[in-house]
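Each chain, letter by letter, is given below.
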Amino acid sequence: MNIENQALYAANQTLHTILVVDDDADIQKLICMRLNAAGYQTLTAHNGLEALNVIEQQQPALVLSDLRMPDMDGMALLEAIRRKHVTMPVIMLTAHGSIPDAVKATQQGAFGFLTKPFESQHLLQQVASALRLSGATQNQPSQDDTWRSQILTRSTEMENMLRQAKLVAMTDASVFIQGESGSGKELLARAIHTASARAAKPFVAINCGAIPENLLESELFGHAKGAFTGAVKAHAGLFQSAHGGTLFLDEIGDMPASLQVKVLRALQERLIRAVGSTQDVPIDVRLISATHRDLHEEMREGRFREDLFYRINVVTLNIPPLSQRREDISLLAKHFVDIFNKKYRKTVQGFAPDALEMLISASWPGNIRQLQNVIEQTVVLATAPLIPLALVQRALRDDGNSMMAFDTARMQFEHQYLSNLLKTTQGNVALAAKIAKRNRTEFYSLLKRHKIDPKSFQLPLE
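About the criteria used
- Think of each chain on its own: its residues are numbered from 1, step by step along the sequence as written.
- With pLDDT at 70 or above as the cut-off, local features in this predicted model cover only qualifying residues; side-chain atom pairs require 80 or more to be listed or tallied, and sums for whole chains, interfaces and linings still use all residues.
- Side-chain measures were taken over the full set of non-hydrogen atoms in the model, leaving aside hydrogen atoms and water.
- Strand pairing follows a simple DSSP-based rule, namely that at least 2 bridges must link the two strands.
- The way it works is that DSSP assigns letters per residue, a run of H or I at least four long becomes a helix, a run of E at least two long becomes a strand, and they are numbered from the N terminus.
- Every axis in this analysis is a line fitted to C-alpha atoms, fitted for helices over the stretch in contact. Angles between the N-to-C directions lie between 0 and 180 degrees.
- Residues are treated as being in contact if the distance between any of their heavy atoms lies within 4.5 Å.
- When accessible area is computed with a 1.4 Å probe and restricted to protein chains, residues below 20% of their type maximum are described as buried, those above 50% as exposed, and intermediate ones as partly exposed.
- When charges are counted, Lys and Arg are positive and Asp and Glu negative, with His and the chain ends excluded.
- When a carboxyl oxygen of Asp or Glu lies within 4 Å of a side-chain nitrogen of Lys or Arg, that pair is called a salt bridge.
- Any pair of N or O atoms that falls within 3.5 Å is considered a polar contact. Within protein, one atom must be able to donate a hydrogen and the other to accept it, and sequence-neighbouring residues count only if both atoms are side-chain atoms.
- To sort the angles, those under 35 degrees are grouped as roughly parallel, those over 145 as roughly antiparallel, those from 65 to 115 as roughly perpendicular, and the leftovers as oblique.
- Two helices that cross are described as forming a left-handed crossing if the nearer one is turned anticlockwise from the farther one by less than a right angle, and a right-handed crossing if clockwise.
- Each residue receives one of three labels: charged for Asp, Glu, Lys and Arg, nonpolar for Ala, Val, Leu, Ile, Met, Phe, Trp, Tyr, Cys and Pro, and polar for the others, Gly being one of them.
- Centres within 6.5 Å make a pair out of two Phe, Tyr or Trp rings, where for Trp the six-membered ring is used; the pair is then stacked when the planes are under 30 degrees apart, edge-to-face when over 60, and tilted otherwise.
- Criterion for a charge above a ring: Lys NZ or Arg CZ within 6 Å of the ring centre, and within 35 degrees of the ring normal.
- Within this analysis, patches are made of residues with over 30% relative accessible area and no salt bridge. Like charges are joined at 9 Å or less; nonpolar side chains (Val, Leu, Ile, Met, Phe, Trp, Tyr) at 5 Å or less.
- With residues, only the protein chains shown are counted as cover, and all accessible areas are computed by Shrake-Rupley using a 1.4 Å probe.
- pLDDT expresses how confident the predictor is about each individual residue, on a scale running from 0 to 100.
- Among the buried residues, those of types Ala, Val, Leu, Ile, Met, Phe, Trp, Tyr and Cys that are joined through side-chain atoms within 4.5 Å form a nonpolar core.
- A helix's residues, less one, multiplied by 1.5 Å, set its expected span.
- In this description, the arc belongs to the directions extending from the helix axis to the C-beta atoms.

1. Comments concerning the sheet that holds strand β11 (residues 286-291)
Taken in spatial order, the 5 strands of this open sheet run β7-β8-β11-β6-β12, and their pairing is parallel. Across the chains shown, the open sheet's two edge strands, defined by having one partner strand only, are β7 (203-207) and β12 (315-318). Geometrically, the sheet is characterised by an average inter-axis angle of 20° between neighbouring strands, direction not taken into account. Those strands touched by helix α7 (residues 156-169) are β6 (175-178), β11 and β12, and its axis lies near 150° from that of β12.

2. As for the sheet that holds strand β3 (residues 62-66)
Read across the open sheet, the 5 strands follow the order β2-β1-β3-β4-β5; overall the sheet is parallel. Two strands lie at the open edges of the sheet, namely β2 (41-45) and β5 (112-115), each paired on one side alone. Taking the axes of each pair of neighbouring strands and ignoring which way they run, one obtains an average angle of 20° across the sheet. The pairing of strand β1 (residues 17-21) with β2 spans 5 bridges and is parallel. Each bridged residue has a counterpart across the sheet, and for Ile18 the counterpart in β2 is Thr42. Against the sheet, helix α4 (residues 74-84) touches β1, β3 and β4 (90-94), its axis set at about 175° to β4.

3. Observations concerning the side chain of Glu251
Its place among the elements puts Glu251 in the loop between β8 (246-250) and α11 (257-269). Although buried, Glu251 forms no salt bridge, and the nearest oppositely charged side chain, Lys185, lies 4.0 Å from it. Within the structure, the side chain of Glu251 is placed 3.4 Å from the side chain of Thr291, a separation counted as a polar contact. Of the polar contacts made by the side chain of Glu251, one reaches the side chain of His292; its length is 2.8 Å. Aside from chain neighbours lying at most four places away, what touches Glu251 is Ser181, Lys185, Asn207, Cys208, Gly209, Ala290, Thr291 and His292.

4. A look at the pattern of salt bridges
Proximity of charged atoms lets side chains of opposite charge pair with each other. Evaluation of the coordinates by the stated rule reveals 17 salt bridges. The partner of Asp254 in a salt bridge is Arg293, with the nearest N and O atoms 2.4 Å apart. Of this pair, Asp254 sits in the loop between β8 and α11 while Arg293 sits in the loop between β11 and α12 (295-300), placing them 39 residues apart in sequence. Residues Asp328 and Arg325 are paired through a salt bridge, measuring 2.8 Å at the closest nitrogen-oxygen approach. Here Asp328 matches Arg325 in class, with each residue buried. Among the charged side chains, a network of salt bridges with common partners joins Arg265, Glu269, Arg273 and Asp280.

5. Comments concerning the packing of helix α3 (residues 48-58) against α4
Here α3 crosses α4 at 25°, and the two axes come no closer than 10 Å. If you check the angle between α3 and α4, you find them roughly parallel. For the pair α3 and α4, the sense of crossing is right-handed. Two secondary-structure elements touch here, α3 through Gly48, Ala51, Leu52, Ile55 and Glu56 and α4 through Leu77, Ala80, Ile81 and Lys84. Residues that form the contact of α3 with α4 fall into these classes: 6 nonpolar, 1 polar and 2 charged.

6. Quick word on the packing of aromatic side chains
Enumeration over the complete set of coordinates arrives at 6 aromatic pairs. Site record: aromatic cluster; members linked through ring pairs are Phe176, Phe309 and Tyr310. For the cation-ring pair, Lys262 lies above Phe221, with the distance from its terminal atom to the ring centre recorded as 4.7 Å.

7. Considerations on a nonpolar patch on the surface
Judged by side-chain polarity, Phe413, Tyr417, Leu431 and Ile435 come together as a nonpolar surface patch covering roughly 400 Å² of accessible area. Within the residue set of the nonpolar patch, elements represented by two or more residues are α18 (406-424) and α19 (429-436). With respect to the helices and strands, Leu431 occurs in helix α19. Among the residues examined, Leu431 registers a relative accessible area of 40% and is labelled partly exposed.

8. Comments concerning the confidence of the model for the protein
When the pLDDT values of the protein are averaged, the result is 85; 90% of them are 70 or greater. Segment residues 1-14: pLDDT under 50, and 19 contacts once partners within four positions in sequence are set aside and those in other chains are kept.

9. As for the side chain of Ser129
Following the sequence through the fold, Ser129 ends up in helix α6 (residues 120-134). Judged by its relative accessible area of 18%, Ser129 is buried. Here Ser129 is in contact with Phe111 and Glu357, once residues within four sequence places are set aside.

10. A look at the nonpolar core
Within the largest apolar cluster, 49 residues are counted, with the highest numbers of intra-cluster contacts made by Leu35, Leu64, Val127, Phe351, Leu359 and Ile375. If we ignore the near neighbours within four places in the chain, the residues touching Val127 are Ile18, Leu35, Tyr40, Leu62, Leu64 and Ile91. Core analysis: the second largest hydrophobic core is formed by 29 residues, Val204, Ala266, Met299 and Ile312 among them.

11. Comments concerning the environment of Leu446
Among the secondary structure elements, Leu446 is positioned in helix α20 (residues 440-449). Given the relative accessible area of 16%, Leu446 is considered buried. Taking C-alpha positions, Leu446 is 37 Å from Leu332, a pair spaced 114 residues apart along the chain.

12. Quick look at helix α2 (residues 25-37)
The terminal C-alpha atoms of α2 lie 18 Å apart, and with 13 residues this matches the ideal 18 Å at 1.5 Å per residue to within 8%. Those residues of α2 lying buried are Gln28, Ile31, Cys32 and Leu35. Projection of α2 onto a plane perpendicular to its axis shows the buried side chains occupying an angular sector of 100°, all on one side. Exposed residues lying more than 90 degrees from the buried face of α2 are Asp26, Lys29 and Met33.

Written as structure tokens, this is what we have:
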């Protein structure tokens, strides 16, 4: 086994199950042998009808189907899969003479096609790419994982962090969550609360950076009647509201120094005093805090108290940014598509392969929150079952937080340049090639690459 095959084998030890559909028993057996050798499990069917029965019973991660089969061919099978299993990737197997039909299949939602005979390496690369882009995973959450059911991931790093979260959830230790904005800190805090012995009690969250300093103290500790102008009645703060449960202080790094002292006292003595009151009130809360800031730097600069840091930082959990868990992007994208389909009464099935590639390769400085916004825009504007590359490019550009790859930018420029040139010359290829300082053969190749028909720029005859 060469190095590339060893790498593919190592990557496939999740044991994805692949359904191979072909009426030629010899070809089917050969494909199964190649897939099994690469670490995949395989199922077989000899036509589309048989394949649908297998899919209902076994739920494979991917389908490899011959295009031409008796009873129910590959195109009919693809259509049936798209209706009931919209996220299941399908790769078509075709003879050389039926390539146009295979291309049509990709336009209707197939991930891609392989022309017989094909090399083993090409087969494995297509399969690995389809599984990666579809977000397929064999790791289904068990009943013990219901506490983190809202956290979608197939990232090893995330799974390791969640195992730590489950352990600390069973204690009353204070938890500090470090992560970039939009990475899901509150979602993790809620999951820890759900897994804890306090799950039946309140979970109360507040963003310390979103409330003015003069109001934050009252929100946290409450106030007595007449404590300040407008305090017409007593108000219980969030520490009291979370009694018996969990208080989540998001963006605690933005908390003013004056309030840091009061929070430290509350955690040490398990007592709070409302604004304008002389009475202490006992509290029983589990504190979870989070920030996108580097609190070590904040402490060095004197903006965050060191004694409070060590009080809140009994256990630290680090949420990796989305750019470090790209295997989760397709999984999250599918989840958001489902949500926005219901919200906007749409029937979007997913993303075209090149559109999904762009989602996976984007920089995502805004993390999951940014991804959610981009998916929402593409679903709203989608007019076809599969969201095309152009809509993803537009959404990322409008979002203003991502740069496209150089090759993509160059292709976009070339397409726009050629279109403008032919518009100017009214479809005269010879003149357009002369202006572009390219010979006609090269210019025609460029037009073919970009699928531009010069006749569409010619003025109609009078």
